[in-house]
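The chain contents come next:
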2 protein chains.
Amino acid sequence: MSLFRPAIDRIEGYLPGEQPQETGWIKLNTNENPYPPSPRVAEAIAAAAAGKLNIYPDPLVTRFRETAGALFNVDADWILPANGSDENLTILMRSFADGGDLVSFPYPSYILYETLADIQGARHQRLQLNKDWSWDFDRVRPIINESRLVLVPNPNSPSGNEWSRDEILNLVSPNGVLVLDEAYGDFADEPHRGQILQSDLGRQIVITRTLSKSYSLAGIRFGFAVAHPDLISGMRKVKDSYNCNTLSIAAATAAIQDQDWMRKNTRKIRATRARLTAELRSLGFEAVESQANFVWSTHPERSHQEIYQTLKSRKILVRFMKFPDALDGEEITGLRITVGTDEETNRFLAELTSIVK
Amino acid sequence: MSLFRPAIDRIEGYLPGEQPQETGWIKLNTNENPYPPSPRVAEAIAAAAAGKLNIYPDPLVTRFRETAGALFNVDADWILPANGSDENLTILMRSFADGGDLVSFPYPSYILYETLADIQGARHQRLQLNKDWSWDFDRVRPIINESRLVLVPNPNSPSGNEWSRDEILNLVSPNGVLVLDEAYGDFADEPHRGQILQSDLGRQIVITRTLSKSYSLAGIRFGFAVAHPDLISGMRKVKDSYNCNTLSIAAATAAIQDQDWMRKNTRKIRATRARLTAELRSLGFEAVESQANFVWSTHPERSHQEIYQTLKSRKILVRFMKFPDALDGEEITGLRITVGTDEETNRFLAELTSIVK
């Protein structure tokens, strides 16, 4: 007899993108920012490391919450910092989805939601997206109406498209919480700052943000949720007391205080994204118009898996993705290509050209 | 209608010890180590901060696992690093306790276990300890036999006493997992190194360790579990992919590589502990013989809460604790006093003397 819960025995566990530990790779597979974080981050880490690491961090992470609150035009009690956005997703699942409750999320989308629902013992259903990544509201409405938790990345992954405010408000369940996973929100041409939380349905919406992408800090694991204090205070009961550490708090606070640095990098990435998209199309790929720091690309004839393997043999990693049972039972495959530096992008395009020409 | 799970609405949330953010306090309330971490820690953090913080950390935390495995004479796949020992306790609850399953833990003991069981939706029962902190096995046996998860701090908190190997083996449930929370294990006169995992019942035991206490790193949030790979591999499915960050991994790895530094500090703390215990007794307190970095102390006549308040007004924090419904329905109160530096301890004893004399 297994000692584990049946739910744990059943699942495979989420498999993150490859993270080679040796140098020499061009990594376009896990949507990291190719540019370094603000120089203020290293200064803040040095100052924190010279302080008292033998003492627990501030469990309320007050300084970060005040800074993030100001950015979103809300008070500090609207902010919940976490050990990466993944932790906030875990906290959300444990806060709002009881065993047997229905959880739903778009498909194809971020696969982790399904794993987290499985671990929690919740039921889950996919909200099948149209082939052009738009919503079929007639199809998904009954599932949403029954859901206690709906999780929607916006911009979506792997597609990179962004849904409008009206579309998003259509996804709020009458008796549930809508999580807007805005991990890639800063890469949109017109980034949001939580304005949707002030709408009539705002008290049922939680926005999650991360410093891994736009702030170039995947290594420090820091994300935060923005929501009405009624939601944040309940979620706080679920989190571990000291879920962020002295060094990551210092780094994260310094990073969001340097908005100019972040915006300079997201501007560069948006410019490279436009060029990457155009070049992919000129090579015969279809490429979704992206509002994120990656481009979803498919080729009408060539094997995506083979392209991925050939690139890998040349030390370029992109993400080969396979979504079985998409709309009408079809299997969707494709390549999700992170927007790197111009140099990395040129090198990738040169190799890709030699593969598909 | 609440959007939260009923379990979340019901609980209050765990309240950690006071963490004043301003200086000038003598903090003897949250069992921090008064000595700084190994100088190698700051070097390792500086090197990591100069590296690529824009890239995700190693999700397998390989270097740390290899070092910790060597310390415990096991392979790296026996080790699960976590964002503080609290996160490993959360992972254990989510791995082994299904909704409605029975979870048990000694009482009086670490209150967090109860909160985590509540969040998970598990049933829980207390294993009432005798007044001298020993086990009444006849009393607790039926509860243990029915438990899927038993959590036991050893040394225990708030008492600081350590139970023997034979006593611990008596606490393994026939169909469950025993968690030995060895947060204070390095402060014992004869510290264990996971030998119990090699016993016949070893495959049902998980040891959790933290770097917050003996390694003086409460600020970086790093703990690890040691158990048979069959248990670790299942627990790994539950954890977030990147639960430790680049800086904390560097700090933790450097810290456990400097065993001499840690042992030098634990030796000093053991010496101060002996003196603190003797002085408390000479002031008319009862003090449990401690194997941890704190002393549980009670006074036959004086109000513990008043002593705590008076000390606090003099900027000395100790932990006033109240355990309602201990053995035979009695309420137990007392002071848990962290072993500080000799200077802090002298200052505390001087103030305490002026209060109780």
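Residues numbered from 1 in each chain as written. Chains lettered and ligands numbered in written order. Predicted model: local features only at pLDDT ≥ 70, side-chain atom pairs only at ≥ 80, totals over all residues.

1. Overview of helix α9 (residues 246-257) of chain B
The end-to-end C-alpha distance of α9 of chain B, which contains twelve residues, comes to 17 Å, matching closely the 16 Å that a straight helix rising 1.5 Å per residue would cover. Within α9 of chain B, burial applies to Thr246, Leu247, Ser248, Ile249, Ala250, Ala251, Ala252, Thr253, Ala254, Ala255 and Ile256 of chain B. Here the buried face of α9 of chain B lies against α2 (39-49) and α9 (246-257) of chain A together with α2 (39-49) and α3 (62-71) of chain B. (Helix = DSSP H or I, 4+ residues; strand = E, 2+ residues; numbered from the N terminus. Expected span 1.5 Å × (residues − 1). Buried ≥ 20, exposed ≤ 12 C-beta atoms within 10 Å, placed from the backbone. Contact = placed C-beta atoms within 7 Å.)

2. Points about the environment of isoleucine 307 of chain B
Residue and element names in this part refer to chain B. Assignment of secondary structure puts isoleucine 307 in helix α11 (residues 304-313). Through-space distance from the C-alpha of isoleucine 307 to that of valine 356 is 8.2 Å; in sequence the pair is 49 residues apart. Among residues more than four places away in sequence, those in contact with isoleucine 307 are Arg302, Leu335 and Ile355.

3. Here's the deal with the packing of helix α3 (residues 62-71) of chain A against α9 of chain A
Residue and element names in this part refer to chain A. Running from amino to carboxyl end, α3 crosses α9 at an angle of 25°, the nearest separation of the two axes being 9 Å. The orientation of α3 relative to α9 falls into the category roughly parallel. In the crossing of α3 with α9, the sense of the turn from one axis to the other is left-handed. From α3, Arg63, Phe64, Thr67, Ala68 and Leu71 reach across to α9, where they touch Ile249, Ala252, Thr253, Ile256 and Gln257. (Axes fitted to C-alpha atoms, helices over the stretch in contact; angles between N-to-C directions. Parallel < 35°, antiparallel > 145°, perpendicular 65-115°, else oblique. Left-handed = near helix turned anticlockwise from the far one by under 90°.)

4. Concerning the pairing of strand β8 (residues 223-226) of chain B
Here is the key point about a regular strand: its side chains alternate between the two faces of the sheet. Residues and elements named next belong to chain B. Neither face of β8 is left uncovered, since the one carrying Gly223 and Ala225 and the one carrying Phe224 and Val226 both have all their residues buried. Across four bridges, the pairing between strand β2 (residues 79-82) and β8 is antiparallel. Bridge pairing links isoleucine 79 to valine 226 in β8. Pairing geometry for strand β7 (residues 205-210) and β8, over four bridges, is antiparallel. Along β8, the bridge assignment pairs threonine 210 with glycine 223. (Pairing = 2+ DSSP bridges.)

5. A closer look at the nonpolar core
Counting residues in hydrophobic clusters, the biggest one holds 160 residues, and the most contacted among them are Ile45 and Ala251 of chain A together with Ile45 and Ala251 of chain B. The contacts of isoleucine 45 of chain A, once residues within four sequence positions are left out, are Leu247, Ala250 and Ala251 of chain A together with Ile45, Ala49 and Leu247 of chain B. (Core = buried A, V, L, I, M, F, W, Y, C linked by C-beta atoms within 7 Å.)

6. Comments concerning the relation of the copies chain A and chain B
With an RMSD of 0.0 Å, the fit of chain A onto chain B corresponds to turning through 180° and sliding 0.0 Å along the axis. Taken together, the turn and the small shift mark the pair as related by a two-fold rotation axis. Mapped onto chain B, 100% of the interface residues of chain A again fall at the interface, so both copies present the same surface. (Least-squares fit on C-alpha atoms with pLDDT ≥ 70 in both.)

7. Notes on the sheet that holds strand β9 (residues 286-287) of chain B
Residue and element names in this part refer to chain B. The strand order across the open sheet built from five strands is β1-β11-β12-β10-β9, with neighbouring strands paired in mixed fashion. Both edges of this open sheet fall to β1 (26-28) and β9, since each of them pairs with a single strand only. Where strand β10 (residues 294-298) meets strand β12 (residues 332-338), four bridges bridge the pair, whose relative direction is antiparallel. Directly across from serine 297, in β12, lies its bridge partner leucine 335. Contacts from helix α10 (residues 259-282) reach β9, β10 and β12, with the element oriented near 5° to β10. Packed on one face of the sheet, helix α12 (residues 342-356) meets β1 and β11 (316-323) and runs near 90° to β1.

8. Re the interface of chain A and chain B
If you look at the interface, chain A gives 64 residues, while chain B gives 64 residues. Of all the elements in the fold, those that place two or more residues in the side of chain A that touches chain B are α2, α4 (85-96), α8 (229-238) and α9 of chain A. Of all the elements, α4 of chain A adds the most residues to the side of chain A that touches chain B, at six residues. For the side of chain A that touches chain B, the per-class residue count stands at 29 nonpolar, 23 polar and twelve charged. (Nonpolar A, V, L, I, M, F, W, Y, C, P; charged D, E, K, R; others polar.)

9. What to know about the domain arrangement of chain A
Residues and elements named next belong to chain A. Each assigned domain of chain A is listed here: domain 1 (6-35 + 260-356) and domain 2 (39-258). In this structure, domain 1 and domain 2 have C-alpha centres spaced 23 Å apart. On the domain 2 side, the residues contacting the 33 residues of domain 1 number 31 residues. Secondary structure elements with two or more residues in the side of domain 1 that touches domain 2: α1 (6-10), α10 (259-282), β10 (294-298), β11 (316-323) and β12 (332-338). With seven residues, α10 is the largest single contributor of residues to the side of domain 1 that touches domain 2. For the side of domain 1 that touches domain 2, the per-class residue count stands at 18 nonpolar, nine polar and six charged. (Domains from an automatic or database assignment.)

10. Considering α11 of chain B
Every α-helix winds through 3.6 residues per turn, so residues three or four apart in the chain are directed the same way. Residues and elements named next belong to chain B. All of the buried residues along α11 are Ile307, Tyr308 and Leu311. Taken down its axis, α11 places every buried residue within 100° of arc, on the same side. Turned more than 90 degrees away from the buried face of α11 sit Glu306, Gln309 and Ser313, all of them exposed. Where α11 is buried, its residues touch β11, β12 and α12. Count one or two residues on from α11 and you reach lysine 315, which has phi positive near 65°. (Arc of directions from axis to C-beta.)

11. Quick look at the pairing of strand β4 (residues 123-128) of chain A
Residue and element names in this part refer to chain A. As defined by bridge partners, strand β3 (residues 102-107) adjoins β4 across six bridges and the pair is classed as parallel. In the strand pairing of β4, tyrosine 107 is matched with glutamine 128. Considered for its hand, the β-α-β crossover made up of β3, helix α5 (residues 112-120) and β4 is right-handed. (Right-handed = clockwise from strand over helix to strand, strands pointing away.)

12. Digging into the packing of α4 of chain A against α8 of chain A
All names here are of chain A. Running from amino to carboxyl end, α4 crosses α8 at an angle of 100°, the nearest separation of the two axes being 9 Å. Considering the angle they form, α4 stands roughly perpendicular to α8. The residues of α8 that touch α4, namely those facing Ile91, Leu92, Arg94 and Ser95, are Gly234, Met235 and Val238. Class assignment for the residues of the contact of α4 with α8 results in four nonpolar, two polar and one charged.

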